[in-house]
Amino acid sequence: MRQYLQLCQRIVDEGIWVENARTGTRCLTVINADLEYDVGNNQFPLLTTRKSYYKAAIAELLGYLRGYDSAAQFRAIGCNTWNANANENQAWLDNPHRKGEDDMGRVYGVQGRRWQKPDGSTLDQLAKIVSNLSKGIDDRAEILTFYNPGEFELGCLRPCMHTHTFSLLGDKLYLTSYQRSCDVPLGLNFNQVQCFVLLALMAQITGHKAGKAYHKIANAHVYENQLELLKLQLQREPYPSPRLTINPEIRSLTDLETWVTTDDFVLHDYQYHPAIKYPFSV
Ligand SMILES: Nc1nc(=O)c2c([nH]1)NC[C@@H]1CN(c3ccc(C(=O)N[C@@H](CCC(=O)O)C(=O)O)cc3)CN21
Ligand SMILES: O=c1ccn([C@H]2C[C@H](O)[C@@H](COP(=O)(O)O)O2)c(=O)[nH]1
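Keep in mind that what you see is a predicted model, and the values were worked out from it rather than measured.

Examining the site of ligand 1
Taken together, 15 residues sit near ligand 1, with Arg 50, Asn 85, Asp 183, Gly 187 and Ser 281 positioned nearest. Ser 281 has a polar backbone atom sitting 2.9 Å from a nitrogen atom of ligand 1. Burial of ligand 1 by the protein chains amounts to 80% of its free accessible area of 650 Å². Top element by residues in the shell around ligand 1 is helix α8 (residues 187–206). It accounts for three residues.

In structure tokens form, the structure reads like this:
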């Protein structure tokens, strides 16, 4: 929580205004932020200075791991975050590759699970990583990347948290996640939860202890219409971090693909300040 608040304060104190052509809303921006989550010691990085809808963040991660490509699939597991980008962005609505209502195109999990190869077959990045890590192998390229510039025009948005590198050292699994663009009031609240849960889940299904997750952000910003609310949030005193319990019956990638729901993730001792509804720029 402290590192999140420090980043928010840094943006308020040192941020520079940058026009944004895609959304038409300018952003107060800083470059480079390094966040760290102690997954092994269950220091769950959930916001306490406002109510956080952490189950939607976990559902979004599950959708990515399953290779979902439709906002309807995300809604069905408790996540509404893709409705606007799939159905309200004019550039995507005008794109001939969009396959109709709720289609997101070839984004995130589609690239992670079904990367298109030149010979017409597809590559499952996640299955390879799970298979290697389960055998204790780290080939120094256990990389899950959603970033495929050759297919940007086939998707509704370029991935923001785009690459996850897994590393084995001693008896622990580590994660380094890279994010090119970060909406600090809205997106980061979700992305922190996702880095933490991704490492915890991958450690659990591959039979390793979890170490730390390192979250590296290039462009961290606050949209102009969010700034006053963020200053209000910054006046609040944080509560102690809650703890997260993950169902120990989750043991494989197939489990994640088939029966896992957000009910398999239980939060303990979550104390929070009232919700703040931040504007969302499409
Ligand atoms: N401008 C923008 N910011 C983002 O953070 C973002 C995008 N676009 N587009 C793609 C995804 C979608 N994401 C989203 C979208 C909506 C919420 C959101 O509305 N969160 C609310 C309520 C969540 C709920 O009720 O489930 C929140 O208070 O956190 C969060 C992340 C993150 N990404
Ligand atoms: O997981 C996510 C997904 C998206 N965001 C934010 C970051 C930006 O504000 C927008 C994407 O806009 P671009 O013009 O494509 O950079 O969505 C996030 O913070 N986290």
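Text resumes after the structure shown.
What to know about the site of ligand 2
Not every one of the 14 residues close to ligand 2 is listed here, only the nearest: Arg 22, Arg 180, Ser 181, His 221 and Tyr 223. Ser 181 has a polar side-chain atom sitting 2.8 Å from an oxygen atom of ligand 2. In isolation ligand 2 has 460 Å² of accessible area, and contact with the protein removes 88% of it. Going through the elements one at a time, β7 (172–183), α8 and β8 (209–223) are the ones with two or more residues in the shell around ligand 2. If one sorts the elements of the shell around ligand 2 by residue count, β7 sits on top with five residues.

As for the environment of Cys 182
Residue position: Cys 182 is located in strand β7. For the pair formed by Cys 182 and His 221, sequence separation is 39 residues and the distance between their alpha carbons is 6.1 Å. Setting aside residues no more than four positions away along its own chain, Cys 182 makes contact with Leu 188, Ile 217, Asn 219, Ala 220 and His 221.

Some points on the nonpolar core
Counting 82 residues, the largest nonpolar core has Trp 82, Val 184, Val 197, Met 202, Leu 256 and Phe 265 as the members making the most contacts within it. Per-element accounting of this core gives the leading share, 13 residues, to α8. With near-sequence residues (within four places) excluded, Val 197 lies in contact with Phe 44, Ile 58, Leu 61, Leu 244 and Phe 265.

Topic: the packing of helix α7 (residues 125–134) against α8
As a packed pair, α7 and α8 sit with axes 9 Å apart at the nearest point and diverge in direction by 55 degrees. As summarised for this structure, α7 and α8 are arranged oblique, according to the angle between their axes. Between α7 and α8 the crossing geometry is right-handed. In contact with Leu 126, Ile 129, Val 130, Leu 133 and Ser 134 of α7, α8 contributes Met 202, Ile 205 and Thr 206.

So, how was this worked out
Residues numbered from 1 in each chain as written. Chains lettered and ligands numbered in written order. Predicted model: local features only at pLDDT ≥ 70, side-chain atom pairs only at ≥ 80, totals over all residues. Heavy atoms only, no water. Near = heavy atom within 4 Å. Polar contact = N/O pair within 3.5 Å; in protein donor to acceptor, adjacent residues only side chain to side chain. Areas by Shrake-Rupley, 256 points an atom, 1.4 Å probe, with all protein chains shown as cover. Helix = DSSP H or I, 4+ residues; strand = E, 2+ residues; numbered from the N terminus. Contact = heavy atoms within 4.5 Å. Core = buried A, V, L, I, M, F, W, Y, C linked by side-chain atoms within 4.5 Å. Buried < 20%, exposed > 50% of the residue type's maximum accessible area, 1.4 Å probe, protein only. Axes fitted to C-alpha atoms, helices over the stretch in contact; angles between N-to-C directions. Parallel < 35°, antiparallel > 145°, perpendicular 65-115°, else oblique. Left-handed = near helix turned anticlockwise from the far one by under 90°.

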